[in-house]
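Examining the three-dimensional arrangement
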Amino acid sequence: MPAAHKDWTREEHILAFNLYCKIPFGRQHSRAPEVVELAKLLGRSANAVALKLNNFSRLDPELAARGIKGMAHGAKGEIEVWRDFEDDPAALAFESERLLAKFSRRKLEDLAAIDERDLPAEGRERERLVRVRVNQHFFRAAVLAAYDCKCCVTGLAVPELLVASHIVPWADDPKQRMNPRNGLCLNALHDRAFDRHLMFFDTDLKVRFRPELKSRPDCDGLDWLVHFEGRPLRQPRKFKPDPALIQAHASDCQQGGLRRYA
């Protein structure tokens, strides 16, 4: 039976935050299967877990501005976990996935859908690769959940065709790698254009393309890509993209900073 009035531990707060990041905002209720599953793992009621998720919502400035309040005071543990994630997203994300594997009695590699045939048998390199893959799995889940699994340009809602795109590239700023506010949910083609600095969002968060893209002689077949010029970015329901990061990417594009790849 779920325990009544038992204080939440730090581990439980981290697991609730993990789910908060990975569940769409509209499913933060006691009937959602993900909430019911976590409640069973923690030995708590689904109502208690749903309330905890909504308490995390109040710490997101964008949601707070929309009147999302949770409980009047919430808990100190929620604030501590939120601040730990802001300070070091990669560390908290990995800790949350490790705890989820522990509580669900699953291997961390299985939880993150890692093909172990791609990993060294053992040693530090394996540990490093597992950490990277686990965090990439978390980042994708968090970004897609924030956008309700819909492309922020086209509205496409086929998960297999969606990418959790980094605004600041993975290699450029380690601290931003796991920050969901450094993420956009894009379909694979627009992700490619965004990553190559052929597409950006202007100060009004409208889709723009580099002029030379549309004037290239080999542009046959690009009609669908550029059809969305001028469309507004579909805003996520949590973890709104950081305007400073969006503007920095746009500045790079407008200054002719094409990203080159071998």
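Scroll up to find the structure.
Residue numbering note: each chain is counted from 1, following its sequence as written. With the structure being a predicted model, the display of local features is reserved for residues of pLDDT at least 70 and the display and counting of side-chain atom pairs for 80 or more, all residues being used for whole-chain, interface and lining totals. Just so you know, side-chain values use all the structure's heavy atoms and leave hydrogens and water out.

Section: the packing of helix α2 (residues 33-42) against helix α3 (residues 46-57)
One way to put it is that α2 packs onto α3 with a least axis distance of 8 Å and a crossing angle of 110 degrees. The angle between α2 and α3 falls in the class roughly perpendicular. When the axes of α2 and α3 are compared, the crossing they make is right-handed. Taking contact as the criterion, the partners of V35, V36, L38 and A39 in α2 are, on α3, A46, V49, A50 and L53. Think of it as three bins: nonpolar holds Ala, Val, Leu, Ile, Met, Phe, Trp, Tyr, Cys and Pro, charged holds Asp, Glu, Lys and Arg, and polar takes everything else, Gly as well. A breakdown of the residues in the contact of α2 with α3 according to their chemical character gives 8 nonpolar, no polar and no charged. What counts as an axis is a line fitted to C-alpha atoms, over the stretch in contact for a helix, and the angles between N-to-C directions run from 0 to 180 degrees. Strands are runs of DSSP state E lasting at least two residues, helices are runs of H or I lasting at least four, and both sets are numbered from the N terminus onward. Throughout, the term roughly parallel applies to angles under 35 degrees, roughly antiparallel to angles over 145, roughly perpendicular to angles from 65 to 115, and oblique to all others. The hand of a helix crossing depends on one turn: near helix anticlockwise from the far one by less than a right angle means left-handed, and clockwise means right-handed. The contact rule is simple, with two residues in contact once any of their heavy atoms fall within 4.5 Å.

Details of the pattern of salt bridges
Definition used for salt bridges: Asp or Glu carboxyl oxygen within 4 Å of a side-chain nitrogen of Lys or Arg. One pass over the structure, following the stated rule, counts 19 salt bridges. The closest approach of N and O atoms between E11 and K102, which form a salt bridge, is 3.4 Å. Linking E11 in helix α1 (residues 10-22) with K102 in helix α6 (residues 89-104), this pair joins segments that are 91 residues apart in sequence. With a shortest N-O distance of 2.8 Å, R117 and D115 are connected by a salt bridge. Residues participating in the shared-partner salt-bridge network are K107, E109, E116 and R126.

Some points on the side chain of E78
Mapped onto the elements of the fold, E78 is located in helix α5 (residues 76-87). Within the structure, E78 has its side chain in polar contact with the backbone nitrogen of A75 (distance 3.0 Å). Contact partners of E78, with chain neighbours within four places excluded, come to H13, K52, N55, F56, R58 and L59. Within 3.5 Å is the distance limit for a polar contact, defined as a pair of N or O atoms, with the added protein rule that one can donate a hydrogen and the other accept it, and that residues adjacent in sequence qualify only through two side-chain atoms.

So, the nonpolar core
Throughout, nonpolar core names a set of buried Ala, Val, Leu, Ile, Met, Phe, Trp, Tyr and Cys residues whose side chains join them through atoms within 4.5 Å. Using a 1.4 Å probe on the protein chains alone, a residue whose accessible area is under 20% of its type maximum counts as buried, one over 50% counts as exposed, and one in between counts as partly exposed. Membership of the largest hydrophobic core comes to 73 residues, with the highest contact counts inside it found for F17, Y20, V35, V153, L184, M199 and F201. Tallying contributions element by element places helix α8 (residues 124-146) first for this core, with 9 residues. For M199, the contacting residues outside a window of four places in its chain are V153, L186, H190, A193, F194, V207, R208, F209, H249 and C253.

A closer look at the environment of P180
Mapping P180 onto the fold places it in the loop between β1 (162-166) and β2 (183-187). Along the backbone, P180 and C21 are 159 residues apart, and their C-alpha atoms lie at a distance of 8.6 Å. Filtering out sequence-adjacent residues up to four positions away, P180 remains in contact with F85, F139, A142, V143 and F239.

Description of the environment of V153
Examined against the element boundaries, V153 turns out to sit in the loop between α8 and β1. What makes V153 buried here is its relative accessible area of 3%. Spatially, the C-alpha atom of V153 lies 8.1 Å from that of N187, the residues being 34 residues apart in sequence. Those residues in contact with V153, other than ones at most four positions away along the chain, are L186, H190, M199, F201, V207, F228 and R234.

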